[in-house]
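Chain residues, written in single-letter form:
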Amino acid sequence: MSERSLPKKGSNGLSRRGFLGRTGSIIGAVALAGHITPAAHAAAPPGPIADGARVPALVIGTGYGGSVAALRLAQAGVDVQMIEMGMSWDTPGSDGKIFPKVTTPDYRSFWLRTRTKAPLSNFLGFPIDKDVPKYTGILDAEDFAGITVYQGRGVGGGSLVNGGMAVTPKRANFAAVLPSVNADEMYDTYYPRANAGLGVGMIDPAWFDTADCYQFSRVGRKHAQRSGFAWTFVPDVYDWDYMKQEAAGTATKSALAGEILYGNNHGKKSLVQTYLAQAKATGRVAISALHKVTSVSPAAGGGYTVTVDQINTTGDTVATKTVTADRVFFAAGSVGTSKLLVKLKATGALPNLNGEVGKGWGENGNVMCGRANHMWDPTGKLQSTIPCSGIDNWDAGGAFAEVAPLPTGIETYASFYLSITKNPNRAEFTWNAATGKAELSWQTAWKQPSISMAKTIFDKINSKEGTIYRTDLFGGNKIWNDTLTYHPLGGAVLNRATDNYGRLHGYTGLYVIDGALIPGNASVNPFVTITALAERNIEKIIATDLP
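Since this is a predicted model, take the numbers as computed values, not measurements.

Undergrad: Can you help me understand the pattern of salt bridges in this one?
TA: In a structure, side chains of opposite charge can pair up when their charged atoms sit close to one another. Tallied over the full model, the rule gives 25 salt bridges. Note that Arg153 and Asp140 form a salt bridge whose closest N and O atoms lie 3.0 Å from each other. Here Asp140 lies in strand E5 (residues 139–144) and Arg153 lies in the loop between strand E6 (147–152) and helix H2 (171–177), a separation of 13 residues in the sequence. Both residues of the pair, Arg153 and Asp140, count as buried. Of the charged contacts, one joins Asp472 and Arg470 as a salt bridge, the two residues approaching to 2.9 Å between their closest N and O atoms. Accessibility classification places Asp472 together with Arg470 in one group, the buried group. One continuous salt-bridge network, built from bridges that share partners, spans Asp140, Glu142, Arg153 and Lys339.

Undergrad: Is there a simple way to think about the sheet that holds strand E20 (residues 484–485) in this case?
TA: Two orientations exist for strands paired in a sheet by backbone hydrogen bonds: parallel and antiparallel. Strand order in the open sheet formed by three strands is E5-E6-E20, with mixed pairing between adjacent strands. The open sheet is flanked by E5 and E20, the only strands paired with a single partner. Relative to E6, E5 runs antiparallel, the two sharing six bridges. Across the sheet, the residue bridging to Leu139 is Gly152, located in E6. With respect to the sheet, helix H8 (residues 333–346) is in contact with E5 and E6, its orientation differing from that of E5 by roughly 50 degrees.

Undergrad: Just to check I follow, could you spell out unusual backbone geometry for this structure?
TA: Only a minority of non-glycine residues have a phi that is not negative, and only a minority of peptide bonds are not trans. Even without being a glycine, Leu290 presents a positive backbone phi close to 55 degrees. With respect to the helices and strands, the residue Leu290 is situated in the loop between strand E8 (285–288) and strand E9 (291–298). Phi at Asn495 takes a positive value of approximately 70 degrees, unusual for a residue other than glycine. When you line up the elements, Asn495 lands in the loop between E20 and strand E21 (510–512).

Scoring rules and cut-offs
- Residues numbered from 1 in each chain as written.
- Predicted model: local features only at pLDDT ≥ 70, side-chain atom pairs only at ≥ 80, totals over all residues.
- Heavy atoms only, no water.
- Salt bridge = Lys/Arg side-chain N within 4 Å of Asp/Glu carboxyl O.
- Helix = DSSP H or I, 4+ residues; strand = E, 2+ residues; numbered from the N terminus.
- Buried < 20%, exposed > 50% of the residue type's maximum accessible area, 1.4 Å probe, protein only.
- Pairing = 2+ DSSP bridges.
- Contact = heavy atoms within 4.5 Å.
- Axes fitted to C-alpha atoms, helices over the stretch in contact; angles between N-to-C directions.

Have a look at this one:
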């Protein structure tokens, strides 16, 4: 596969209709385009970055925070080089598709593993993981003591592999998420800007009520409401018009063909179609895929010396490059940024980083479970891979549960959920000099608060419906998958490891602009908050830090 930019995926226009619900109004979201219009500029080189290059701004990572930073810097007239450890996903495999189905993972599915590690590891009691060739695949199941962290690998980061649930936290909960940030600014300006930029929209409720592919979600609604819980539609970044076409048989199926966890070939608006497309269109942004930053240190003549390894598709280093950047933006995701910063502090590359680096990491209270329904509550053979609803018991029980699909292609009579909870436990990244690796202090037992909070929803539903938990989905007769997170947050917390706009303490020109800034829990799926915070921070940085 090549290292060029990702393909356009179907009719992924930036629909902005219908987004009310929990996220509030996006009136005025046209402010997205209200920044500095870039002057005419020769196209930036397509990459990879050359050894010895000097760049005004280097962004480590191409996920939500990094993509926002690159676009806004470019619009302000700054040339940007983005460094991405994963691939540019733009070339079909032998099946004619770029991304495989959830039910048929192959070499494209996992990052440098020789065996798959699906979040749902068993079905009907049988293990479903299998051996695969080692390859720089799209989903990283990164194992730490006590937890596996799932992360997207490739140009577009986590936007390639998540379900696209684009949720703005309830305003009443925001102070607990980012206490040092002005909520009025976020809800009046930056959340609307992020939602517009991401192309967030809401499912058509009338279509939802009749679509075969959302029978599972309607069963989830019925059970939630019968037990007295608030059920809500949840916005998403899928092109809902495209999904209607999928259902009508007039467009190539994607969400209705079991595509999401290992990428989505059509319909989903990843960052490749939104922020990154706009960034590249400025002519000031270049992306070097299959490149990994290993060191950042002050350069003798000003700026920072950045060491970058270029790798091949089996993870081998094929070249090591040294470049100089006037400013460096850490946007490698909560885990990637935290691991790199604790390494740089401990090894003396950036010794003046403060003692908060590596701290405040959490897993957004993620826990998964399934329920076995009665025969009169089938959830449907055809299930869209895009979730669109949730059960809200946050205030009373500390849990918000995504009504998730189980797209097996057969009738399972099962309801499946990913819960986000108020788990108070926080872990720390530290550097182990003996092994040369960053370690995380998370303990599996720390998930117990998440289980207890999720049970406030599902124990009650089971009691009301006369149903039971499924024990055949996670191996070992387990009810709860308590060893994973999809939503890593923290490790370089805003206003602790950085100032209140992401500037790292101890160094001028070094910034964190990703989920590492958020202290462990966003109360909902976090990528809209990561995007909105990045919009806020980069606006301030451009206004005050650039010459």
